Amino acid sequence: PYDNKKTMNFCLLFFLIGWLTLGIGYIVWYYKLTKRVVNELARRNIDYLFTKGDFWLWNVLGLMVFIGPIIYLHKLFTAINLINKDIDK
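Residues numbered from 1 in each chain as written. Predicted model: local features only at pLDDT ≥ 70, side-chain atom pairs only at ≥ 80, totals over all residues. Heavy atoms only, no water.

Some words on helix α2 (residues 24–43)
Moving on, step 1. Its 20 residues place the ends of α2 29 Å apart at the C-alpha level, agreeing with the 28 Å of an ideal helix rising 1.5 Å per residue.
Moving on, step 2. Buried within α2 we find Gly 25, Trp 29, Tyr 30, Leu 33, Thr 34, Val 37, Val 38, Glu 40 and Leu 41.
Moving on, step 3. Turning to α2, the residues buried within the fold contact α1 (10–20), α3 (52–60) and α4 (68–87).
Moving on, step 4. Asn 45 sits one or two residues past α2 and shows a positive phi near 55°. (Helix = DSSP H or I, 4+ residues; strand = E, 2+ residues; numbered from the N terminus. Expected span 1.5 Å × (residues − 1). Buried < 20%, exposed > 50% of the residue type's maximum accessible area, 1.4 Å probe, protein only. Contact = heavy atoms within 4.5 Å.)

In structure tokens, the structure reads:
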């Protein structure tokens, strides 16, 4: 609620938008999600190296080596887990 933005439901993206946009919808959705997570890490002063550049490096360019998206998702989930841990304090 702090950034006054909403993230589109992933089911809507997966079943409707993603294939209609030939995959561009997925890129936009993940980029916006990454940006929101990065901003929340900064707002909560959580010391974890996760940037919007990680999205472009691992998720987009990393597709060429097939392991890149896995590394991106690991970093994303770690960042989200750190935020959740901070909420539970």
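And the narrative resumes.
Describing unusual backbone geometry
Moving on, step 1. The backbone of Asn 4 sits at a positive phi, close to 55°, despite the residue not being glycine.
Moving on, step 2. Tracing the sequence through the fold places Asn 4 in the segment before α1.
Moving on, step 3. Even without being a glycine, Leu 22 presents a positive backbone phi close to 60°.
Moving on, step 4. Structurally, the position occupied by Leu 22 is in the loop between α1 and α2.

Let's talk about the packing of aromatic side chains
Each aromatic ring pair is summarised here by two numbers: the centre-to-centre distance and the angle between the ring planes.
Moving on, step 1. What the rule picks out here adds up to ten aromatic pairs.
Moving on, step 2. Geometrically, the ring pair formed by Phe 14 and Phe 15 is edge-to-face, given 5.1 Å between the ring centres and 85° between the ring planes.
Moving on, step 3. According to the relative accessible area criterion, Phe 15 is exposed, its value standing at 56%.
Moving on, step 4. With 5.6 Å between their ring centres and 45° between their planes, Tyr 31 and Trp 56 make a pair best called tilted. A residue pair is termed long-range when its members are at least 10 positions apart, and Tyr 31 in helix α2 and Trp 56 in helix α3 qualify at 25 residues. (Phe/Tyr/Trp six-rings, centres within 6.5 Å; stacked < 30°, edge-to-face > 60°.)

Quick word on the packing of α3 against α4
Moving on, step 1. Relative orientation of the contacting elements α3 and α4 amounts to 145°, with a least axis distance of 6 Å. Contacts between α3 and α4 pair Asp 54, Phe 55, Trp 58 and Asn 59 from the former with Gly 68, Pro 69, Ile 71, Tyr 72 and Lys 75 from the latter.
Moving on, step 2. Broken down by class, the residue content of the contact of α3 with α4 amounts to five nonpolar, two polar and two charged. (Axes fitted to C-alpha atoms, helices over the stretch in contact; angles between N-to-C directions. Nonpolar A, V, L, I, M, F, W, Y, C, P; charged D, E, K, R; others polar.)

Describing the nonpolar core
Buried together is how nonpolar side chains tend to be arranged in soluble globular proteins.
Moving on, step 1. Formed by 14 residues in total, the largest nonpolar core has its most connected members in Tyr 30, Leu 33, Val 37, Leu 41, Phe 50, Tyr 72 and Leu 76.
Moving on, step 2. Of all the secondary-structure elements, those providing two or more residues to this core are α2 and α4.
Moving on, step 3. Per-element tally for this core: the top contributor is α2, with six residues. (Core = buried A, V, L, I, M, F, W, Y, C linked by side-chain atoms within 4.5 Å.)

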